[in-house]
Amino acid sequence: MVANGEQGTNDRAANELSILQQQIRQCRLCQQQGYIPVAHPIVSGRSTDRILVIGQAPGHRSIEKDQPFSGPGGMVLQHWLEAAGFPPGYLHEHTYLSSLTRCDPGKHPNGNGDRKPGKPELLLCRPYLEAELRIVQPKVVLLLGTMAIETFFGPVKLAQIIGKYQERDGLLLLPLPHPSGVSRWLNDPEHKELHQQALMILARWRSLYSL
Ligand code: SF4
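What comes next is a walk through the structure. (Residues numbered from 1 in each chain as written. Predicted model: local features only at pLDDT ≥ 70, side-chain atom pairs only at ≥ 80, totals over all residues. Heavy atoms only, no water.)

Topic: unusual backbone geometry
The line we're drawing: Put simply, DSSP H or I for four residues or longer makes a helix, DSSP E for two residues or longer makes a strand, and each gets a number counted from the N terminus. Only protein chains enter the area calculation, which uses a 1.4 Å probe; residues under 20% of their type maximum are buried, those over 50% are exposed, and those in between are partly exposed.
Residues other than glycine seldom take positive phi values, yet D66 does so here, at roughly 60°. Relative to the elements of secondary structure, D66 occurs in the loop between α3 (60-65) and α4 (72-83). Under the relative-accessibility criterion, D66 is labelled partly exposed at 31%.

And the structure:
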């Protein structure tokens, strides 16, 4: 049962988040400034979610479905969550899905995978991520891939950071490799071991914090 004061705080957070998500959906800054041909921001999550995922940027499949992590990367990430003890469906039903930018940056000019969002796009989109973290106040943040990890940890090699975590003001930051099929980092058995260590940390938090 939720006490009245707590319910009021939850309601305020839900309202504030709803306004923020509307603002994000209406954002056209990167299109107006010529970084992408068409802005189509997507958002997903609730103010009560305890885990917040930060990816790089949505791909075209997620934009088509209007739902982050709708492509193969989302299936892999759900699989990782299940390996850490979370139930099927947890990713889309109970996890706040955020990213460094909210629009599809398009294909890489050389045709090899998706283009990484540039620094100006990252700067334009960053306030939305800051606002989500402030409103949702998750217990755990999963940082997916080098770009998201370096945003919080600075320049670092994946092998030096996967399998470790950091606590900042009660917020638990857990770096993970990017789950998209493009990442070949997990082909190395030593990297697989580090990845397993990261999932074990997540499994421990699941029971410790009732995630
Ligand atoms: S990527 Fe972010 S800042 Fe750029 S248009 Fe989309 S929502 Fe706006």
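Overview of the site of the ligand
The cut-off we apply is this: Distances are taken per atom, and a residue is near a molecule or strand as soon as one of its heavy atoms is within 4 Å of it. Under the scheme applied here, ten amino acids are nonpolar (Ala, Val, Leu, Ile, Met, Phe, Trp, Tyr, Cys and Pro), four are charged (Asp, Glu, Lys and Arg), and all others, including Gly, are polar.
As a structural note, the neighbourhood of the ligand is formed by C27, L29, C30, A39, P41, T101, R102, C103, L124 and C125. Looking at the shell around the ligand, the elements that each hand over two or more residues are α2 (29-32) and α6 (119-136). For the shell around the ligand, a count of residues per class yields eight nonpolar, one polar and one charged.

Remarks on the sheet that holds strand β4 (residues 166-168)
The criterion, for reference: Think of it this way: DSSP has to see at least two bridges between two strands before they count as a pair. As a rule, the C-alpha atoms of each element are fitted with a line to give its axis, helices using only the stretch in contact, and angles between N-to-C directions run from 0 to 180 degrees. Throughout, a residue-residue contact means that at least one pair of heavy atoms, one from each residue, lies within 4.5 Å.
Here we have five strands laid out as an open sheet, ordered β2-β1-β3-β5-β4, and mixed in their pairing. Edge positions in the open sheet fall to β2 (95-99) and β4, since each of these has one partner strand only. For this sheet, the mean inter-axis angle between neighbouring strands, taken without regard to orientation, is 25°. Here strand β1 (residues 51-55) pairs with β2 via five bridges, running parallel. Bridge assignment links V53 to a residue of β2, and that residue is L97. On top of the sheet, α6 reaches β1, β2 and β3 (140-144); it is set at about 160° to β2, its chief contact.

Here we look at the packing of aromatic side chains
Heads up, the rule is: Between rings of Phe, Tyr and Trp, where Trp is taken as its six-membered ring, a pair exists when centres lie within 6.5 Å; planes separated by under 30 degrees are stacked, by over 60 edge-to-face, and by other angles tilted.
One pass over the full model with this rule turns up two aromatic pairs. Consider the rings of F86 and Y90, whose centres lie 4.5 Å apart with planes at 45°: the pair is tilted. Accessibility expressed as a relative area gives 7% for Y90, which makes it buried. When the centroid spacing of 5.1 Å and the interplanar angle of 90° are considered together, the rings of Y165 and W205 count as edge-to-face. Taken together, the residues span a long stretch of sequence, with Y165 in the loop between α8 (158-161) and β4 and W205 in helix α9 (residues 189-208) at a distance of 40 residues. On the basis of relative accessible area, Y165 is assigned to the partly exposed category, the value being 40%.

Bear in mind that shape data such as this cannot, by itself, settle questions of function.
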